[in-house]
Number of protein chains: 2
Amino acid sequence: MKSDKRNQQTEQLLIASFIDLIKEKNFNDIGVTDITRLAGVNRGTFYIHFSDKFDLLHKIERELLEKLQEALNSVIPTAIEQLKNDSFEILPYKLVIKTLNQIYNDRDIVAALLSSNGDPLFVNKLKDLFRKEIRVEFSQIKDSVFYDEVIPQDYIEEMILNNLMSIVIHWLTKEHPEQPEEVAKIILRYREVSPDELIRIKKEE
Amino acid sequence: MKSDKRNQQTEQLLIASFIDLIKEKNFNDIGVTDITRLAGVNRGTFYIHFSDKFDLLHKIERELLEKLQEALNSVIPTAIEQLKNDSFEILPYKLVIKTLNQIYNDRDIVAALLSSNGDPLFVNKLKDLFRKEIRVEFSQIKDSVFYDEVIPQDYIEEMILNNLMSIVIHWLTKEHPEQPEEVAKIILRYREVSPDELIRIKKEE
DNA sequence: ATAAATTATGAACACCGTGTTGACTTCTAA
DNA sequence: TTAGAAGTCAACACGGTGTTCATAATTTAT
């Protein structure tokens, strides 16, 4: 009597309807009424599963982030090994690919949530997840070769993270996103290029 | 009879109240009722000035962006000259300073609007303004020295813009923002540094 | 197969904020 | 001083929310 078939069924129905909606309109403009109407479910039923639309949103986000975290956990140990052996490699290819693939699997929802119509707080949640990982990489880097008196420490982590986020967001929100492998290459190549050099990259005419 | 004293007065009062509110809570959580109550003005009066709270928001944003644009227009001609003479200087210091100063003047509101509690679309508006300027710089650069087969063209502009935006946002949303001159230096220095080098900058212990 | 438990339905409800309207008062510019 | 613009106040319909309750439908366990 614990798990009723319908329980999971209608919950998934509601989630699916919400995802359909968030792809088209602002989260703000989506009401419980819209969701249940699209799902063909009574409005009262919604409140059996979620306390309100924010609860629904957060459950979706949590699930996405958990899946991503699990995918990461499965490659991190070997990535750390790699870092210890080769001190020049900073972001192991495998790690990046795994991450991007996982994101690519859910690209519709993730893109919607990351867009300006989505949830402004989701960017931060994803950023926090990346931050945790990046700090692991950071801690492996023994040789700090460069010195700088201009750029404060707090800007550094922030900028590296934002660079990553920008690429991911731009990637997902474009009409036809590249395959994860391509983006992985872009990220790894990008790490070697300064903005000044970036600006001077030859334009195709 | 065209310009009544009260007209401007209460309008400013409403704007000021809204700004006070947006610093503390989500735009979504701010109602017309909140604004008028704080302003000590009848709720009906609000609708004499604005059609709704979005109208108010957009008027504030438009004003901010116009002021910024004007500030930029006043230095751009000389900046262009500078670019033509010195082909290595890409972002003239004067241009950056002028921009940052203007933003710094309105840092409270701008920070609030750019934060995750603000208006997600405002980031884009500011970005569009920067984009226009950056394209002017781009067009001045004759020598494309570097070639790259990995990073696609559409990523380049996007990444340069986002780098700038990230710095501005991080700057404004920190507790005690640096003086504009300092941030200008950071931006100009940052342009020479690749992410890989950035990560290796010595940490102070 | 049936009973018990769980879940969904439908309708009603109070609540709150919105945007509008109309009669009235207050202010201010000429 | 007076016309006209701006603000006040109260009332209104509207729409969405979250809750409740009686009822129906479905599933699970026995």
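Residues numbered from 1 in each chain as written. Chains lettered and ligands numbered in written order. Predicted model: local features only at pLDDT ≥ 70, side-chain atom pairs only at ≥ 80, totals over all residues.

1. A few points about the overall build of chain A
Heads up, the condition is: Going along the chain from the N terminus, every DSSP run of H or I of four or more residues is numbered as a helix, and every run of E of two or more is numbered as a strand. Any residue surrounded by 20 or more other C-beta atoms within 10 Å of its C-beta is treated as buried, while 12 or fewer makes it exposed and the intermediate range makes it partly exposed; C-beta atoms here are placed from the backbone. For the purpose of contact definition, each residue receives a C-beta atom placed from its backbone, and two residues are in contact when these atoms lie within 7 Å.
Within chain A one finds 11 helices and zero strands. Secondary structure of chain A in N-to-C order comes out as α-α-α-α-α-α-α-α-α-α-α. The dimensions of chain A, computed from C-alpha atoms along their principal axes, are 60 × 45 × 30 Å. Classification of the 205 residues of chain A by burial places 28% in the buried group. The contacts in chain A between residues at least 6 apart in sequence include a share of 66% that link residues at least 24 apart.

2. Notes on the relation of the copies chain A and chain B
Just so we agree on the cut-off: A least-squares superposition brings the copies together, and it is based on the C-alpha atoms of residues with pLDDT no lower than 70 in both.
Between the two copies, chain A and chain B, the superposition gives an RMSD of 0.0 Å; the rotation angle is 180° and the shift along the axis is 0.0 Å. Between the two chains, the operation in question is that of a two-fold axis. Taking the C-alpha atom as reference, chain A places Ser 194 of chain A closest to the rotation axis, 1.9 Å from it. Comparing interface residues between copies, 100% of those in chain A also sit at the interface in chain B, which points to an isologous, same-surface contact.

3. Observations concerning the protein's contact with DNA strand C
Note the cut-off: Using a C-beta atom placed from the backbone, a residue is scored as near a molecule or strand whenever that atom is within 6 Å of it. Classes in brief: Ala, Val, Leu, Ile, Met, Phe, Trp, Tyr, Cys and Pro nonpolar; Asp, Glu, Lys and Arg charged; the others, Gly included, polar.
As a structural note, the neighbourhood of DNA strand C is formed by 20 residues, with Asp 4, Thr 10 and Asn 42 of chain A together with Lys 5 and Gly 31 of chain B the closest of them. Those elements giving two or more residues to the surface near DNA strand C turn out to be helix H1 (5–22) and helix H3 (43–49) of chain A together with helix H1 (5–22), helix H2 (32–39) and helix H3 (43–49) of chain B. For the surface near DNA strand C, a count of residues per class yields six nonpolar, eight polar and six charged.

4. A few points about the interface of chain A and chain B
How big an interface is tends to be stated in terms of accessible area lost as the parts join. Listed by partner, the interface residues are 43 residues for chain A and 43 residues for chain B. Looking at the side of chain A that touches chain B, the elements with two or more residues in it are helix H8 (120–140), helix H9 (153–173), helix H10 (180–190) and helix H11 (195–199) of chain A. Tallying contributions element by element places H9 of chain A first for the side of chain A that touches chain B, with 11 residues.

5. Here we look at the protein's contact with DNA strand D
In the region of DNA strand D, 21 residues are neighbours, and Gly 31 of chain A together with Asp 4, Thr 10, Asn 42 and Gly 44 of chain B sit closest. Of all the secondary structure elements, the ones that give two or more residues to the surface near DNA strand D are H1, helix H2 (32–39) and H3 of chain A together with H1 and H3 of chain B. For the surface near DNA strand D, the per-class residue count stands at six nonpolar, nine polar and six charged.

6. As for H1 of chain B
For clarity, the cut-off: Helix span, as expected, comes to 1.5 Å for every residue beyond the first.
Helix length check: H1 of chain B (18 residues) gives 26 Å between terminal C-alpha atoms against 26 Å at 1.5 Å per residue, within 8%. The inward-facing, buried residues of H1 of chain B abut H2, H3, helix H4 (53–73) and helix H7 (107–114) of chain B.

7. Re the domain arrangement of chain A
Residues and elements named next belong to chain A. The following threshold applies: Just so you know, the domain bounds were taken from an automatic or database domain assignment.
Partitioning chain A into structural domains gives domain 1 (5–49) and domain 2 (60–194). Using C-alpha coordinates to define each centre, domain 1 is positioned 31 Å away from domain 2. Taken residue by residue, the interface counts seven residues in domain 1 and seven residues in domain 2. Split by residue class, the side of domain 1 that touches domain 2 holds four nonpolar, one polar and two charged.

8. Observations concerning the packing of helix H6 (residues 93–105) of chain A against H10 of chain A
Residue and element names in this part refer to chain A. Threshold: Here, axes are lines fitted to C-alpha atoms. For helices the fit covers the stretch in contact, and angles between N-to-C directions go from 0 to 180 degrees. For classification purposes, an angle smaller than 35 degrees is called roughly parallel, one larger than 145 roughly antiparallel, one from 65 to 115 roughly perpendicular, and anything else oblique. Rotating anticlockwise by less than a right angle from the far helix to the near helix defines a left-handed crossing, while the corresponding clockwise rotation defines a right-handed one.
Taken N-terminus to C-terminus, the directions of H6 and H10 make an angle of 135°; their axes are 9 Å apart at the nearest point. Considered as vectors, H6 and H10 are oriented oblique to each other. Remark: the crossing between H6 and H10 carries right-handed chirality. Judged by residue contacts, Tyr 93, Val 96, Ile 97, Leu 100, Asn 101 and Tyr 104 of H6 engage Pro 180, Glu 181, Val 183, Ala 184, Ile 187 and Leu 188 from H10. Each residue belonging to the contact of H6 with H10 can be placed in one class, and the counts come to 10 nonpolar, one polar and one charged.

9. What about the packing of H8 of chain A against H9 of chain A?
All names here are of chain A. The contact between H8 and H9 brings their axes to 10 Å, and the two run at 120°. One finds that H8 runs oblique with respect to H9. Here the hand of the crossing between H8 and H9 comes out right-handed. Only Ile 160, Leu 161, Leu 164 and Met 165 of H9 make contact with H8, whose side of the interface consists of Val 123, Lys 127, Phe 130, Arg 131 and Ile 134. Classifying every residue of the contact of H8 with H9 by side-chain character gives seven nonpolar, no polar and two charged.

10. Focus: the nonpolar core
As a reminder, the rule being used: A set of buried residues drawn from Ala, Val, Leu, Ile, Met, Phe, Trp, Tyr and Cys, joined through C-beta atoms within 7 Å, is what defines a nonpolar core.
Core analysis: the largest hydrophobic core is formed by 87 residues, its most contacted members being Val 110 and Ile 167 of chain A together with Val 110 and Ile 167 of chain B. Those residues in contact with Val 110 of chain B, other than ones at most four positions away along the chain, are Leu 64, Ile 103 and Leu 172 of chain B.

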